[in-house]
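Fold and contact review
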Amino acid sequence: MGSKSKDPLLEIQNLSTSFHTDENVVRSVRNINLCLYPGETVALVGESGCGKSVTALSTMRLIPIPPGKFENGRILYKGKDLLQITEQDMQKIRGNEISMVFQEPMTSLNPIFTIGDQICETILLHQNKTEDEAMELTLEILKKVAIPSPEQRINQYPHELSGGMKQRVMIAMSIVCNPSLLIADEPTTALDVTIQAQILDLLNVLRNDTAMSILLITHNLGIVAQYSDRVAVMYSGKIVEQASVEKIFASPSHPYTKGLINSLPKDEINEKLATIPGTVPHPAFLPEGCAFHPRCPDKIDACEKKIPELQPLENQPSHQVACWLYHDSVSIT
Amino acid sequence: MKTLLKVQSLKKYFPVYGGLLSRIKGFVKAVDDVSFEIKEGETLGLVGESGCGKTTVGRMTLRLLEPTSGKVFFEGTDIIGLKNKELEMIRPKMQIIFQDPYSSLNPRFTTERIIGEALSAHGLAKGNTLQKKIESLMEKVGLSKIYMNRFPHEFSGGQRQRIGIARALALNPKYIVCDEPVSALDVSIQAQIINLLQSLQKEDNLSLLFISHDLNVVKHLSQRTAVMYLGKIVEVVPTKLLNTKAAHPYTQALLNSKPSLNPTDRRRPKPLQGDVPSPLNPPLGCHFHPRCPEVMERCKTEIPRHIKLEDGHFVSCHLYND
């Protein structure tokens, strides 16, 4: 668990990222605030297209510009604004202090290099090591991520490995420089359930060993419940609720969070599932006010007019919600 | 309840070619001796990891794939031996809903044509009646009829899956294979489609073979659950006993690896070690033995047979031999 007394490792302030296409402007991330403390795992949850991955890619500064554009905001990493530094400085941070595990291990590895070469590349780029030393470190890191017979595997090509093995290689590559922050973008979505559990347990062990922070991006609420300390729920480019994992599951406050948790199949057989009616709005044509209001069961007049911002609930500074149902009560007291 | 579909020792071996003259090098035993039955109005869940043969089984029950050997009885007739003409008579009663609503709809067809194609192909309706029928199908799956002239790319994933369902329902089938119909959809949309399938099943007394890798979804929908591993069914269990009486170590491992939704309970059992072996070269004996936490000597050489534990509950595992 991250202790809140320390300074945050990563602080995203009022970040907006949008994409300017010929026809319209897609505002993928709209004014979000998010903090990560050293050693904690924060889960970023939401449905496809809600801006989870754009948030991650913005942090890594991997958004193609143009068509992408950082409209406003800051991304403070150890107090330094990542959006202001030069590309050269960013390259020193990327893969070294902040690294990323992508969703698809099948397509994120280069098919024409051995996995040993690919991990070595990262080491040689960021650390002052000879090739032999780098190879040694590669072997060590492959052992750490529990790849069987690493001496042989190190000389193999990605196609010779299973999906789970490839994801282990991706993880090895991303932790080889001892990053302080690991961004895991749907690290197990492409994998089978029994392999999923292996990979997530591995990430958890690595976090406990090295005290790195993890930003875990997922749409799977089971993974959120089991592997995160705090949760931020995203909808249409905004964080709509943020709290500790226990709070999110025990007392979800935003109608969208409630809907998500209720719509999961539970153990009762043949009972009707609760649903959220309608579909996610197109990010270029968002409704006025709160983007969730057309699907919201608890909609009030204010929802159609003004966008609610993330604010703490009464007497609970760590539980924040962006919803007019709660803001009114906050402003009255 | 009457048995609608009965599958007997179904096998599908895909040849693997290799070498200079592209001779047959070996076989991938995608489905190896699978038997089960589905009653009228029943949902059988079929779970397993990718590559275990779930989809191959589903397609063979419709004869979209020719089995290497085995029998498929639909309402008492073995459809494997049928000629094309005879098969055509039975086909309307069996349908399929595909996993990916993005690639299973023809992008150049309007919704109207996609849903109505089967009806006109079988000569069941035309002109005004066809139009009316399509309208009522769209209404049944929760699509407004104003979307009739739109193309698939104009719809969201959930709406496309509704079109796929309407297409499957067009001929009033008795049996539908649902091949991972919700895995490509978001959670909130998943629940809508699951509810829709469930209410349609009740309305029309449909029998479903529900293929999925998501145990939660299968548990929610099906009366019985069959678990597959490397081409074989390792356990068939009434779904209400799944939590308490799952017998096969693989079924237990699947149940255990599903992350619990309770953040205060983080007693995570140790996940299953290793990977699924290649079906080209499966382990001898019980295919699961290299990963099994309870492996015994005989598992390494002897293929376990189906053992009946109680009514409707079968397992193939040496642990349960006397």
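Definitions and limits used
- Residues numbered from 1 in each chain as written.
- Chains lettered and ligands numbered in written order.
- Predicted model: local features only at pLDDT ≥ 70, side-chain atom pairs only at ≥ 80, totals over all residues.
- Pairing = 2+ DSSP bridges.
- Helix = DSSP H or I, 4+ residues; strand = E, 2+ residues; numbered from the N terminus.
- Axes fitted to C-alpha atoms, helices over the stretch in contact; angles between N-to-C directions.
- Contact = placed C-beta atoms within 7 Å.
- Nonpolar A, V, L, I, M, F, W, Y, C, P; charged D, E, K, R; others polar.
- Parallel < 35°, antiparallel > 145°, perpendicular 65-115°, else oblique.
- Left-handed = near helix turned anticlockwise from the far one by under 90°.

Bringing the sheet that holds strand β8 (residues 213-218) of chain A into the picture now. Residue and element names in this part refer to chain A. Spatial strand order, β6-β7-β8-β3-β9-β10-β12-β11: eight strands in an open sheet with mixed pairing. Edge positions in the sheet fall to β6 (98-101) and β11 (311-313), since each of these pairs with one other strand and no more. Strand-to-strand twist of the sheet, defined as the mean angle between neighbouring strand axes without regard to direction, takes the value 25°. Where strand β7 (residues 181-185) lies against β8, five bridges are found, and the strand directions are parallel. The partner of Ala184 across the bridge, within β8, is Leu216.

This paragraph deals with the interface of chain A and chain B. Opposite the 35 residues of chain A that make contact, chain B presents 35 residues. For the side of chain A that touches chain B, the secondary structure elements donating two or more residues are α7 (163-175), α8 (193-210), α9 (221-227), α10 (245-250) and α11 (255-262) of chain A. For the side of chain A that touches chain B, the element with the most residues is α8(A), which contributes seven residues. Here the side of chain A that touches chain B is composed, by residue class, of 16 nonpolar, 13 polar and six charged.

Residues and elements named next belong to chain A. Taken in spatial order, the four strands line up as β2-β1-β4-β5 in an open sheet, and their pairing is antiparallel. Looking at which strands have only one partner, the edges of the open sheet turn out to be β2 (25-36) and β5 (80-81). The pairing of strand β1 (residues 10-20) with strand β4 (residues 68-77) spans eight bridges and is antiparallel. Within the sheet, the bridge partner assigned to Leu10 lies in β4 and is Tyr77.

Bringing the packing of α8(A) against helix α9 (residues 249-257) of chain B into the picture now. At a closest axis distance of 9 Å, the pairing of α8(A) and α9(B) adopts a crossing angle of 50°. Taken together, the axis directions place α8(A) and α9(B) in an arrangement best described as oblique. Note on packing geometry: the crossing formed by α8(A) with α9(B) is left-handed. Within the contact between the two elements, α8(A) uses Val193(A), Thr194(A), Gln196(A) and Ala197(A) and α9(B) uses Ala253(B), Leu254(B) and Ser257(B). Looking at the contact of α8(A) with α9(B), its residues break down into four nonpolar, three polar and no charged.

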